[in-house]
Amino acid sequence: MSNKILNTRRDFLRTTASGLVAGMLPVSLVRLASAQEGGPDFTFAYVSDAHIQHVKGSQFVRNWDRGLIRAVAEANLLEPKPDFVVFGGDLAQLGTKAELDHGAEILSALNYKTYAVLGEHDYYLDLGEYWSELYGDHYYSWDHKGAHFVTLNSILTYDDWTFNRWESAERRMNEMAGLDNPNGSPFMVGKKQMDWLKKDLAKVSKDTPVVVFSHSPLQKIYKGWNFWTEEAEDIQALLKPFNKVNVIYGHVHQIQYNQIGNIAFTSVMSTAWPWPYPESYAQAESHLPILTVPMNRADPFNERDATGWQFMNMHTGRVDLEFNLYDNTNRTVAFNEQKGHPEDTSYSDPTNRTPAQRHY
Ligand SMILES: [Fe+2]
Ligand SMILES: [Fe+2]
């Protein structure tokens, strides 16, 4: 791909993400962006972690509602139109029918086919029963334009914790909803799903791009906050034989990106609120490369600061993410073919960082 085309693509993505209405982009740019070698290019969008919270009666926490409504409205204005939208989990805050119904109603305004990922806030009240009525299976796969997509349920945990430890479903939900709670339990996919994943991937040729959607990171980042999946290494081993693998996950409410072997990992933002970066990023002895740089955020007077959604460009088997940060500077994390890992295109040059960001 020539630099000229790449630059044009980036400009095109930036223009799209800035919220221009449909029809304003020159058609030639759209053609250029889809004329790549090595397979068809296409786009999809990703909205995650809405945490719709019921107050009483027909009242819900306004701020979380507004974040999701805005993402849906902006996604509907995208041009070119995404082939589909993924909702990345934590639609509800405490897993109630009222919350899931209200969230599903907001999402139903999307003009595109929507795939859903299960989050822990959707699951631990009734163990995903009502969520299944709305969205079906907890894990599944499909093929689209030469790529293989897998959606995992990565927020299961030990049976003893789930079935025996708590006196009520509400208590169980509350214990898992806390971010920094010593009563929590590590996220897992479990043996049944691991067996299914193994069988599913066995049918896929090794040169097919594989994109995995999970709620928790399929890498071990920080156990205390469950930025973690217990079988991360086993899942990575199953994905290792494929040439191009992308794992895209929610749950962390912040920008993260990483590369482990052939697998590119990228997080997506929440429409509800940002989490801070755990202190352990700077302190812990880690086998991971430096994950990211701090987000430009923390305006306490802006309820939408550091929340947003993503526009994704699936080109030549790699996924570039344009982070649409509401009322903030959009960020792009794109795979750098020369360096062999994803990078934040604005922050890869340390001179672009503020002094406070440089120690990362
Ligand atoms: Fe979340
Ligand atoms: Fe979550």
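This is a predicted model, so every value here is computed, not measured.

Glancing now at the pairing of strand S12 (residues 308–315). The element S12 is largely enclosed, with a buried count of eight among its eight residues. Side-chain alternation along S12 places Gly308, Gln310, Met312 and Met314 on one buried face and Trp309, Phe311, Asn313 and His315 on a second face that is also buried. The pairing of strand S1 (residues 42–47) with S12 spans five bridges and is antiparallel. Bridge pairing in S12 places Ala45 opposite Phe311.

Moving on, we get to the pairing of strand S14 (residues 331–336). The buried count for S14 comes to five of six residues, which makes it a mostly enclosed element. Relative to S14, strand S13 (residues 318–325) is paired through three bridges, and the arrangement is antiparallel. Counterpart to Leu321 in the pairing with S14 is Val333. Connecting S13 to the next strand, S14, in antiparallel fashion are five residues, including Asp327 with a positive phi near 55 degrees. Relative to strand S15 (residues 341–344), S14 runs antiparallel, the two sharing four bridges. Of the residues in S15, the one forming a bridge with Asn336 is His341. Counting the residues between successive antiparallel strands, the hairpin from S14 to S15 contains four residues, one of them, Gly340, with a positive phi of roughly 80 degrees.

Let us now look at the environment of Gly103. Considering the arrangement of structural elements, one finds Gly103 in helix H4 (residues 97–107). A residue is classified by how many C-beta atoms lie within 10 Å of it, and Gly103, with 25 of them, is buried. Here Gly103 is in contact with Ala50, Ile52, Leu68, Leu91 and Ala92, once residues within four sequence places are set aside.

This part covers the confidence of the model for the protein. Mean pLDDT for the protein: 83, with 78% of residues reaching 70 or above. For residues 1–37, every residue scores under 50 in pLDDT, and the model assigns this stretch 39 contacts once sequence neighbours within four places are set aside. Note that residues 283–293 has pLDDT below 50 and, in this model, 16 contacts with residues that lie over four places away or in other chains.

Attention now goes to the sheet that holds strand S8 (residues 210–214). Strand order in the open sheet made by the six strands is S6-S7-S8-S9-S11-S10, with mixed pairing throughout. At either margin of the open sheet sits one strand with a lone partner, and together these are strand S6 (140–144) and strand S10 (257–260). Each adjacent strand pair in this sheet contributes to an overall mean axis angle of 20 degrees, direction not counted. Of the strand pairs in this sheet, S6 and strand S7 (residues 147–151) are connected by five bridges, and their pairing is antiparallel. Looking at the pairing, His144 lines up with Ala147 of S7.

Take helix H3 (residues 62–76) next. Owing to its 3.6 residues per turn, the α-helix aligns residues three or four sequence positions apart on the same side. The end-to-end C-alpha distance of H3 is 21 Å, a good match for the 21 Å that 15 residues give at a rise of 1.5 Å each. Turning to H3, its buried residues are Trp64, Gly67, Leu68, Ala71, Val72 and Ala75. Viewed along the axis of H3, the buried residues span an arc of 125 degrees, placing them on a single side of the element. The inward-facing, buried residues of H3 contact S1, strand S4 (85–87), H4 and S12.

Read from one edge of the open sheet, seven strands run S5-S4-S1-S12-S13-S14-S15, paired in mixed fashion. Of all strands in the sheet, those with a lone pairing partner are strand S5 (114–116) and S15, marking the two edges. On average, each strand axis in the sheet is inclined to that of its neighbour by 20 degrees, with strand direction left out of account.

This brings us to the environment of Gln193. Tracing the backbone shows Gln193 in helix H9 (residues 190–202). Along the backbone, Gln193 and Tyr139 are 54 residues apart, and their C-alpha atoms lie at a distance of 7.9 Å. The residues touching Gln193, leaving out its near neighbours within four places in the chain, are Tyr139, Leu152 and Asn153.

Here we come to the nonpolar core. One broad trend across soluble globular proteins is that nonpolar side chains are buried collectively. By size, the foremost hydrophobic cluster in this structure holds 79 residues, and its most contacted members are Ala45 and Tyr46. The residues contacting Ala45, other than those within four sequence positions of it, are Ala75, Leu78, Pro82, Val85, Trp309, Gln310, Phe311 and Met312.

This part covers unusual backbone geometry. The residue after Glu79, namely Pro80, is reached through a cis peptide bond having omega 5 degrees. Structurally, Pro80 can be placed in the loop between H3 and S4. For His51, which is not glycine, the phi torsion reads 50 degrees and is therefore positive. Mapped onto the secondary structure, His51 falls in the loop between S1 and strand S2 (54–56). In the Ramachandran plot, His253 falls in the positive-phi region, its phi being about 55 degrees despite a non-glycine side chain. As for its position among the elements, His253 is in the loop between strand S9 (245–249) and S10. Its 23 C-beta neighbours within 10 Å are what place His253 among the buried residues.

Rules of the game
Residues numbered from 1 in each chain as written. Chains lettered and ligands numbered in written order. Predicted model: local features only at pLDDT ≥ 70, side-chain atom pairs only at ≥ 80, totals over all residues. Buried ≥ 20, exposed ≤ 12 C-beta atoms within 10 Å, placed from the backbone. Helix = DSSP H or I, 4+ residues; strand = E, 2+ residues; numbered from the N terminus. Pairing = 2+ DSSP bridges. Contact = placed C-beta atoms within 7 Å. pLDDT = per-residue confidence, 0-100. Axes fitted to C-alpha atoms, helices over the stretch in contact; angles between N-to-C directions. Expected span 1.5 Å × (residues − 1). Arc of directions from axis to C-beta. Core = buried A, V, L, I, M, F, W, Y, C linked by C-beta atoms within 7 Å.

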